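One-letter residues, chain by chain:
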Amino acid sequence: MTSTRLTNGDVLHLPGAPHIKDSKGVIQPPSEAELAAFVPLIPMDDILLFTGRLVTGSRKRRRQPRWAAMNMARLKLARMCIDHALAEWASVQTSEQDAAP
């Protein structure tokens, strides 16, 4: 689906190998439950960067039929990430304001 280098230098790859291809070459997306399980794995400092990468990946492959289901899954995961970021936004803003001199 996507991979991105996090701010701490680690690389996050989602999803893993079982979702790469089926026998017809169609990219198999993760289930809704698997997508929801990915969201807590993404550090809050990197969640908006990761969300942007999901949307960019969908945009680049929007005309490729074999990627249609995966693009839908990317956009669903991006929505889940945005919802998570919005739910945690107040705590993120408070910690940033406390750290400012």
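Here the structure is shown first, and the text comes after it.
What this report covers is the structure whose coordinates are included nearby. Treat the numbers as computed from the prediction; the structure is a model and nothing was measured.

1. Things to note about the overall build of the chain
Turning to step 1, where the next piece is worked out: Looking only at helices and strands, one finds three helices and two strands in the chain.
Turning to step 2, where the next piece is worked out: When the helices and strands of the chain are read in sequence order from the N terminus, they spell out β-β-α-α-α.
Turning to step 3, where the next piece is worked out: In the chain, buried positions account for 32% of the 101 residues.
Turning to step 4, where the next piece is worked out: Long-range contacts, defined here as pairs at least 24 residues apart, represent 62% of the contacts in the chain between residues at least 6 apart.
Turning to step 5, where the next piece is worked out: On the chain, roughly 6,500 Å² of surface is accessible, and the fraction owed to carbon and sulfur atoms is 57%.

2. Details of the pattern of salt bridges
Opposite charge on two side chains permits them to pair, given that their charged atoms come into close proximity.
Turning to step 1, where the next piece is worked out: Throughout the structure, instances matching the rule amount to one salt bridge.
Turning to step 2, where the next piece is worked out: Glu-32 is the partner of Lys-76 in a salt bridge, and the nearest nitrogen-oxygen pair spans 2.8 Å. Here Lys-76, found in helix α3 (residues 68-99), pairs with Glu-32, found in helix α1 (residues 32-38); they are 44 residues apart in sequence, far enough to count as distant.
Turning to step 3, where the next piece is worked out: Using a relative accessible area of 35% as the deciding quantity, one classes Lys-76 as partly exposed.
Turning to step 4, where the next piece is worked out: Among the residues examined, Glu-32 registers a relative accessible area of 44% and is labelled partly exposed.

3. A closer look at the packing of aromatic side chains
The relation between two aromatic rings is expressed through the spacing of the ring centres and the mutual angle of the planes.
Turning to step 1, where the next piece is worked out: Taken as a whole and assessed by the stated rule, the structure comprises zero aromatic pairs.
Turning to step 2, where the next piece is worked out: Directly above the aromatic system of Trp-67 lies the positively charged group of Arg-61, at a separation of 4.4 Å from the ring centroid.

4. Observations concerning helix α2 (residues 47-60)
Helical periodicity: at 3.6 residues per turn, an α-helix aligns residues three or four positions apart in one direction.
Turning to step 1, where the next piece is worked out: Look at α2: 20 Å from first C-alpha to last across 14 residues, which is about the 20 Å you get at 1.5 Å a residue.
Turning to step 2, where the next piece is worked out: Residues of α2 that are buried: Ile-47, Phe-50, Thr-51, Leu-54, Gly-57 and Ser-58. Mapping the buried residues of α2 onto a view down its axis gives an arc of 125°, with all of them on the same face.

5. Quick look at a positive patch on the surface
Turning to step 1, where the next piece is worked out: On the surface, Arg-53, Arg-59, Lys-60, Arg-62 and Arg-63 cluster together to form a positively charged patch.
Turning to step 2, where the next piece is worked out: Secondary-structure assignment places Arg-62 in the loop between α2 and α3.
Turning to step 3, where the next piece is worked out: Taking the relative accessible area as the measure of exposure, Arg-62 reaches 53% and is therefore exposed.

6. Considering the side chain of Thr-51
Turning to step 1, where the next piece is worked out: Within the element layout of this structure, Thr-51 appears in helix α2.
Turning to step 2, where the next piece is worked out: Apart from residues no more than four positions distant in its own chain, Thr-51 is found in contact with Ala-78, Cys-81 and Ile-82.

Calculation rules
Residues numbered from 1 in each chain as written. Predicted model: local features only at pLDDT ≥ 70, side-chain atom pairs only at ≥ 80, totals over all residues. Heavy atoms only, no water. Helix = DSSP H or I, 4+ residues; strand = E, 2+ residues; numbered from the N terminus. Buried < 20%, exposed > 50% of the residue type's maximum accessible area, 1.4 Å probe, protein only. Contact = heavy atoms within 4.5 Å. Areas by Shrake-Rupley, 256 points an atom, 1.4 Å probe, with all protein chains shown as cover. Salt bridge = Lys/Arg side-chain N within 4 Å of Asp/Glu carboxyl O. Phe/Tyr/Trp six-rings, centres within 6.5 Å; stacked < 30°, edge-to-face > 60°. Lys NZ or Arg CZ within 6 Å of the ring centre and 35° of its normal. Expected span 1.5 Å × (residues − 1). Arc of directions from axis to C-beta. Patch = residues over 30% accessible without salt bridge, like charges linked within 9 Å, V, L, I, M, F, W, Y side chains within 5 Å. Lys, Arg positive; Asp, Glu negative; His and termini not counted. Charge placed at Lys NZ, Arg CZ, Asp CG, Glu CD.

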